[in-house]
Amino acid sequence: MSSQLYPWIVAALAVLVAAGAGFAALNPPAPPPAPVTDGDAAALLIRMQSGITAAIEGLDDRLAYAAFDLGSTGFNDAAARAVLANLSGTDPSIVDCTASDAGGTIVAAEPAAYRNVEGADVRGQAHVRHVLATKRPIMSEVITVAEGFPAAVITAPVFTNESEFVGFASVVFRPEALIAGVAGPAANGTPYQVMVVQTDGRVLYDTDPAQVGKMTFEDTLYADYPDLLDVARRVADERYGTATYGFAADGGQAVQKEIAWTTAGLHGVEWRVAVIKEV
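Treat the numbers as computed from the prediction; the structure is a model and nothing was measured.

**What to know about the layout of surface pockets**
Piece 1. By volume, the largest pocket is sized at about 410 Å³.
Piece 2. Met195, Asp206, Tyr222, Tyr245 and Ile276 are, among the 24 residues lining the largest pocket, the residues nearest its centre.
Piece 3. When residues of the lining of the largest pocket are traced back to their parent elements, those giving at least two are strand 7 (193-198), strand 8 (203-206), helix 7 (226-237), strand 9 (241-247) and strand 10 (255-266).
Piece 4. No other element matches helix 7, which puts five residues into the lining of the largest pocket.
Piece 5. The residue inventory of the lining of the largest pocket, partitioned by class, reads 15 nonpolar, six polar and three charged.

In structure tokens, the structure reads:
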């Protein structure tokens, strides 16, 4: 099916795959996003992939520096709060930043509006169990965070100058805001819809804001479109590809759409990045 669709996209994806395995192949250095012309779906897809990867890696890098600083300051003084406050202001997608002790309890949160989460035990979260067990950084999928809303979390271990593990630092961020900073400028003026989904089918970003947060495999909106669900399963299972499906938005007449997708991600967590166009 894919050999007849988006031939220029198939060729571009083949170049990415041939470059090597893993995210190194699928995440080339990111140029600044810029609008593309009609028909340049491959360029848009690659630009989206690299731009999103650069954005989440930027959060990860700044968190790593903050975790290093917290290893020197400790968690319970003004200097530690300053580290977290400064980190929280580095990107508009960041909601808050926290420091947690080696027992998995949040001991500091900034900005001040989120200090109500201090004292929360977050050991029940999978990414927290990972960092406590492995002492390695991790990014979560979108979960309901201690602050009470859906968000993603990047977490990094904190070690003292004597290499003692004392806890971890976290950035809580909204993926839709992070992705919008790339997708908006890149797709503006083109005929393409941009969509980013988790491998469980949760929509992290869509050109149509009403789609954000929907669970593709569970939402009744999609139940009457078996070909759409088949394509959604392919997107979840395959790191790149192309396909067609039919869908009627807002109860209108069904239209055929073409989708091409690839993968961005961090610390083993994968986001499918897709561009879509009506046939």
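From this point on, the discussion continues.
**Comments concerning empty space enclosed by the protein**
Piece 1. This model, assessed by the stated rule, comprises one cavity of 30 Å³ or more.
Piece 2. Lining the largest cavity are 14 residues; nearest its centre among them are Thr98, Ile106, Gln125, Val153 and Val172.
Piece 3. Contributions of two or more residues to the lining of the largest cavity are made by strand 1 (94-101), helix 5 (126-134) and strand 6 (165-173).
Piece 4. Among the residues making up the lining of the largest cavity, the classes are represented as eight nonpolar, five polar and one charged.

**Remarks on the packing of helix 3 (residues 41-73) against helix 4 (residues 78-88)**
Piece 1. The N-to-C vectors of helix 3 and helix 4 enclose an angle of 175°; their axes lie 9 Å apart at closest approach. As judged from the angle between their axes, helix 3 and helix 4 are roughly antiparallel. Taken together, the residues of helix 4 that come into contact with helix 3 (itself represented by Arg62, Leu63, Ala66, Asp69, Leu70 and Thr73) are Ala79, Ala80, Val83, Leu84 and Leu87.
Piece 2. Its residues assigned to classes, the contact of helix 3 with helix 4 shows eight nonpolar, one polar and two charged.

**Looking at the sheet that holds strand 11 (residues 269-278)**
As a general point, the strands of a sheet are linked pairwise by backbone hydrogen bonds and lie either parallel or antiparallel.
Piece 1. Taken in spatial order, the five strands line up as 8-7-11-10-9 in an open sheet, and their pairing is antiparallel. Looking at the sheet topology across the chains shown, the edges are occupied by strand 8 and strand 9. Across the sheet, the mean angle separating the axes of adjacent strands is 25° when strand polarity is ignored.
Piece 2. In the sheet, strand 9 pairs with strand 10 via seven bridges, with the strands oriented antiparallel. Note on strand 10: the bridge partner recorded for Thr244 is Glu258.
Piece 3. Of the strands in this sheet, strand 7, strand 10 and strand 11 touch helix 3, which is tilted by about 30° from strand 10.
Piece 4. Docked against the sheet, helix 7 engages strand 7, strand 9, strand 10 and strand 11, running at close to 155° with respect to strand 9.

Rules of the game
- Residues numbered from 1 in each chain as written.
- Predicted model: local features only at pLDDT ≥ 70, side-chain atom pairs only at ≥ 80, totals over all residues.
- Heavy atoms only, no water.
- 1 Å grid on protein atoms, 1.4 Å probe; cavity = no way out; pocket = protein on both sides within 12 Å on 5 of 7 lines; lining within 4 Å.
- Points joined across faces, edges and corners; volume = space filled by probe spheres on them.
- Helix = DSSP H or I, 4+ residues; strand = E, 2+ residues; numbered from the N terminus.
- Nonpolar A, V, L, I, M, F, W, Y, C, P; charged D, E, K, R; others polar.
- Axes fitted to C-alpha atoms, helices over the stretch in contact; angles between N-to-C directions.
- Parallel < 35°, antiparallel > 145°, perpendicular 65-115°, else oblique.
- Contact = heavy atoms within 4.5 Å.
- Pairing = 2+ DSSP bridges.

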